[in-house]
Amino acid sequence: MRSSTGRWVSGDDFFGRDRELRVLEARVRDGNHVLLTGQRRMGKTSIARELGRRLECKGWVFLFTDIEGATCAEDVVASVAEAAYPVRSLSSRLAAAMRRWISGSVEEVSALDFRVKIRAGLNAGSWRPFGEKLLGECATHDKPVLLVLDELPIFLKRVLREPGGKRRVDEFLSWLRGALQAVGGGSLSLIVSGSIGLGPLVHRLGIPDRINYLDSVRIGPWDRETSVECFLRLAASHDLRVGEGVAEAVYDALGIGIPHQVQSFFARLRDFAVMHGRGSVTVASVGEVYATELLGPRGQSDLVHYETRLRDGLGDGNYSIAMEILAEAATQGVFTRAARSCLGQLYAKVLDNVPGRISDTLEVLEHDGYLKAGEGGHRFPSRLLQDWWSARFRDHHAPLRERPADGAWGEALR
């Protein structure tokens, strides 16, 4: 089992998600279209890819496309066509539909050239019928087809920032729903996933019905036993001796079994052992690496990822509110109902509909795993995430109850 801290994993490197895979495969085999949800770094992409790999071994066609970089619907359709390129029975029919741009045999062009040529033939008037043909060909294929659209929410957020963005998002989601319903009962199953929540996004836009055909499957964190087993398997694979209680101490330090964080902690401990000329690590090593590496400068890259995805999922005003909430929860241990009331008063003079903004922001923070609602308010389920935010704000975050109402905007921009 290889150590992996940034890439998706499959095959022998895939670990700890057999139950989730069985649930997901059952939904897909029953002909459902699925919305794969879960907080950041849970391995949603790895799960989708591993399911596709296993289904391919059972005679399925697996099409995967990451549309994070797409800027318009035409890009999305062209990306799906590129994913279909290796399946000659599909790509030949698509080439025939785009004969003006693709001449000769499909085998004469590369997958990238195929995508470029398809994209050249798509515009505001042609992407819908071509996209419908593409999905229709998948649905009538002689083998069952699994199509994964990864990072759909990020694509939609990018569209939202353009003029007429809300209308264009509505049009795309309405088209996708209609096109899939038109080929219902065929060979095609769709999985949609992403590192920001699609549900909260369409809820804020007032169009939740656009994804009501998607069957939601949520991926949660590993439990303690699975996290410990993963760490020990990594240690055995890399000939790293670990003292008694080390794997358990790693889980306790993290506070929650997020697969990426377990992998990252192992990698940092292994580097620590190498740098200090040690053949083993102890419980004391766990504490030292947690403080100096995971919370140190090297660990900040992960925090930047969390912040970037949060900014992607929220507008500027709501992002500022989110940072206030996270700073309060990190430094005070909880974001209470009283703190929520104070935050509303602080922002009332600079933003409209502040109560609604706070509710929407908390929905995103809960959905994406930053905070968890419980008795007395919202808290970080992840100790690491809380310590990250606490280290950043503890020296200059004034508790909300102590701040005058006219100081909100300066604090938000800090």
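Remember, predicted model here, so these are calculated numbers, not experimental data.

Caption draft 1: Inspection of the pairing of strand β1 (residues 33-37) at higher detail. β1 sits mainly inside the fold: five of its five residues count as buried. Taking every second residue as pointing to the same face, both faces of β1 are buried, with H33, L35 and T37 on one and V34 and L36 on the other. Bridging between β1 and strand β5 (residues 214-218) involves five bridges; their strand directions are parallel. By the bridge assignment, H33 is partnered in β5 with L214.

Caption draft 2: Summary view of the packing of aromatic side chains. In total, this model carries ten aromatic pairs according to the counting rule given. Ring geometry for F380 versus W389: centroids 6.4 Å apart, planes at 35°, classification tilted. By relative accessible area, which is 8% here, F380 ends up buried. Of the residues examined, W389 reaches a relative accessible area of 0% and is grouped as buried. Taken together, the ring pairs connect W127, F155, F172 and W175 into an aromatic cluster.

Caption draft 3: Looking closely at the sheet that holds β5. Taken together, five strands build an open sheet; the order of strands is β2-β3-β4-β1-β5 and the sheet is parallel. The open sheet is flanked by β2 (61-66) and β5, the only strands paired with a single partner. Strand after strand, the sheet turns through a mean of 20° between neighbouring axes, direction not considered. Across six bridges, the pairing between strand β3 (residues 145-150) and strand β4 (residues 188-193) is parallel. Opposite L146, over in β4, you have S189 as the bridge partner. Against the sheet, helix α6 (residues 127-139) contacts β2, β3 and β4, and its axis sits at roughly 120° relative to β4.

Caption draft 4: Structural detail: the nonpolar core. Of all hydrophobic cores here, the largest spans 79 residues; its most connected members are F265, L310 and W389. If one sorts the elements of this core by residue count, helix α15 (residues 316-332) sits on top with nine residues. Ignoring anything within four residues of it in the chain, the contact list for F265 reads V250, A253, L254, V286, V289, Y290 and L294. Judged by nonpolar contacts, the second largest core, of 54 residues, contains L35, L94, V145 and L198.

Caption draft 5: Main features of unusual backbone geometry. Of note in the backbone geometry, E151 takes a positive phi value of approximately 65° without being a glycine. Structurally, the position occupied by E151 is in the loop between β3 and α7 (152-160). Non-glycine residue D239 carries a positive phi angle of around 55°. With respect to the element layout, D239 can be found in the loop between α10 (224-237) and β6 (241-242). D239 sits in the exposed class, given a relative accessible area of 71%.

Calculation criteria
- Residues numbered from 1 in each chain as written.
- Predicted model: local features only at pLDDT ≥ 70, side-chain atom pairs only at ≥ 80, totals over all residues.
- Heavy atoms only, no water.
- Buried < 20%, exposed > 50% of the residue type's maximum accessible area, 1.4 Å probe, protein only.
- Helix = DSSP H or I, 4+ residues; strand = E, 2+ residues; numbered from the N terminus.
- Pairing = 2+ DSSP bridges.
- Phe/Tyr/Trp six-rings, centres within 6.5 Å; stacked < 30°, edge-to-face > 60°.
- Axes fitted to C-alpha atoms, helices over the stretch in contact; angles between N-to-C directions.
- Contact = heavy atoms within 4.5 Å.
- Core = buried A, V, L, I, M, F, W, Y, C linked by side-chain atoms within 4.5 Å.

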